[in-house]
Structures are given as structure tokens and as C-alpha cells.
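Structural overview for review
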Amino acid sequence: MYTQLIDSHGRHIIKLRISVTDRCNFRCVYCMPEEDMAFLPKPEILTFEEIERLARIFVGLGIQKIRLTGGEPLVRRDLPRLVDQLSGIPGLRDLSMTTNGIGLVELAHPLRKAGLDRLNVSLDSLNPEKFMQLTRRDMLQKVLDGLQVAFDAGFSPIRINVVAMRGFTDDELVDFAQFARQHPYRIRFIEFMPLDADHNWEDSKYLPGKEILERIDTVYPLEIVEPKGAPEPATRYRFKDGLGEIGIIPTVSEPFCDSCNRIRLIADGHLRTCLFATRETDLKTPLRNGANDDELRRLIREAVHNKEQGHMINQVGFIRPNRSMSQIGG
Ligand code: SF4
């Protein structure tokens, strides 16, 4: 095992998100334009073998948890094969995935069999019309069916990520709380972030975590769940009557960058050390030009050493990344 990945702010980096594609079968308004999305040509995308080689190097450097993302990871053909390749890496403690859920009806069981440990499903509305309005796809029932199949396949607890947007999510906060109380799923509300392809984000358009908490607590009283283990972006709250829990990820209103422990490898082989990074490290070109593992380790350590202190949303000097959420993978 090589020295651990520690950045110049003393943060211990143990989590890696790997975006396996920039493509998606949804067109969520806060992420992608309706049409004319320019996707990466296939040769530009890391192969499964390249992803596996880089993942082995990252785990050797101290990465303990890997999360697969997209775009939508399940549109990448044969994904259970990649899960099988990664789940066998010695030293990898946890392999998870974030998906929009519509591929789970077909793939939840093969993914579980291949060694996937955990699932996060993005679901921003429980109302079919609003779901259609947001994703530009009439697929809410397919996502709900996918959740049930995933639960039957042994994934539990399944986390449901809800992007909380003012004027959109407000009237469903209690519905989502009820959903968490009636199903073995954990709802996590994520504040809307300035990563939408159309650059429509404004400070007034996100629902602050505090407000979400207050509005649910008045109907279903909540109490905090004391955090254990490595820092997590979500603050968890259980319903006082014991019927489930919710989580809040206050990226904009209460940034948690001081305890950030993650980096991102995106589909074209660039390493991003922050969701809001404005610079990246290209690992694909040296890898395809025959670089050995030591050279790749040196590039990774250097990038991590220079990891950004945090995002600067709502601060002077904040620069929007030149990549949208679908190109970064959240
Ligand atoms: S904004 Fe960047 S530094 Fe802050 S938590 Fe997210 S990835 Fe980490």
C-alpha cells in the first residue's frame, strides 16, 4: 500500500467517483438541454480495462470506496461486467452506483450478482406529470418498479436522491417524507447546484436544507442521527416515531468542503479533484501513451495535493465549471 492520498488542506481522500459515460436516457431540465447535446465519441471514453487499471492504482493509493455514475451509468452496455471487474479489486471496501433507476428492472439482479454493494436512485418527483415535466420522459412508474426489483435483489437501504428546487419540490416535501416512512428507502434532499447545462441556476432557485427540515419537522417530527465513521455529505434525521429517515445535503447553504474526502474520474479519463473544479488532470493520454503505474500515481498524487479548498458558490470569484452535471457525474 502506498502513502495515503492527503491533500494540501490535510483532507484524507478515500472516495472516488467514476463516470462511465456522459450519455443519459433522461433530459432533466436542471442537467441537460432538451436537444443537441454533444456526447463524447466512443473512442474518447475509457474502456472497461482502462477503468479497471486506473481503479486498481487509485485503490493502491488508499481509495476505499468507488461510486459509478454517468450521465446514466446503465446506458453503458454490459455494465455488470465492469462491476465484476471492479468488485474483485483487493482493498476496495465498497462499490456503489447512482442511477436514474429505469434500467433496474432488467439489471438490478445481474448488478447485485456481479458484486455491487449499494444503490442511490435519483428521483425528483413522485407526481407523474411533474416527473415528465422535469425529465422530459414519462417514466415514473418504471423507476418505482426498478426500486422494488432492486430491493428484492438485496439492495438495502436504497437511498433516493431528490434535487430540491424552489418552485418545484416545495409542494412534495411532505410526500417524500411519507414515501420514506412507507418504504425501505432513505430520501436525501440535495440542494440545487449551479451545474445545469443551460446556466439557469440562481440563488433563489434552490431550497435550503434548513427550510426543508423545518417544513417536514412540523408534520413529522425529526431528530438528528449522530454521524459515525468517515464524514458523509448528508446530515441524517430519523422520524421520532421510528418510521424511517431522511437526509439533507446542504452543498450551497452549509458547504461541507472542509471534510471533503472525494475525487472524480470522468468518462474521458480526466481527473477532477472537486465537483466545481475549473482545471483537470488528463490520465487517459499518458495511459494510452504507455505510461507505467508509477507515472500515473505521480499524476494522481500531484492533482490531489492541489485539490481545491472548496467551492466558492455565492462568493466573489466563483467560476462555473465548463462541464455540466451530466459530464461530471455528480
Ligand atoms: S464542492 Fe468540491 S470540495 Fe466541496 S465537497 Fe464538493 S467536491 Fe468537495
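In this report, the structure presented in the accompanying data block is examined. (Residues numbered from 1 in each chain as written. Predicted model: local features only at pLDDT ≥ 70, side-chain atom pairs only at ≥ 80, totals over all residues. Heavy atoms only, no water.)

A few points about the packing of helix α1 (residues 48-60) against helix α2 (residues 79-87)
At a minimum axis separation of 10 Å, α1 and α2 run at an interaxial angle of 25 degrees. Taken together, the axes of α1 and α2 lie roughly parallel to each other. Once α1 is placed against α2, the crossing between them reads as right-handed. Note on element contacts: α2 touches α1 through Leu79, Arg81, Leu82, Gln85 and Leu86, opposite Phe48, Glu49, Ile51, Glu52, Ala55 and Arg56. Within the contact of α1 with α2, the residues separate by chemical class into six nonpolar, one polar and four charged. (Axes fitted to C-alpha atoms, helices over the stretch in contact; angles between N-to-C directions. Helix = DSSP H or I, 4+ residues; strand = E, 2+ residues; numbered from the N terminus. Parallel < 35°, antiparallel > 145°, perpendicular 65-115°, else oblique. Left-handed = near helix turned anticlockwise from the far one by under 90°. Contact = heavy atoms within 4.5 Å. Nonpolar A, V, L, I, M, F, W, Y, C, P; charged D, E, K, R; others polar.)

Focus on the pattern of salt bridges
Going through the model one piece at a time under the given rule, you end up with 29 salt bridges. In this structure, the salt-bridge partner of Lys130 is Asp171, at a minimum N-O distance of 2.7 Å. Taken together, the residues span a long stretch of sequence, with Lys130 in helix α4 (residues 128-135) and Asp171 in the loop between β5 (158-164) and α6 (173-182) at a distance of 41 residues. Of the residues examined, Lys130 reaches a relative accessible area of 12% and is grouped as buried. Across the pair Arg320 and Asp196 runs a salt bridge, and its minimum N-O distance is 3.3 Å. Within this pair, whereas Arg320 is found in the loop between α9 (293-305) and α10 (325-328), its partner Asp196 is found in the loop between β6 (185-191) and α7 (209-217), the two being separated by 124 residues in sequence. Owing to a relative accessible area of 22%, Arg320 belongs among the partly exposed residues under this scheme. (Salt bridge = Lys/Arg side-chain N within 4 Å of Asp/Glu carboxyl O. Buried < 20%, exposed > 50% of the residue type's maximum accessible area, 1.4 Å probe, protein only.)

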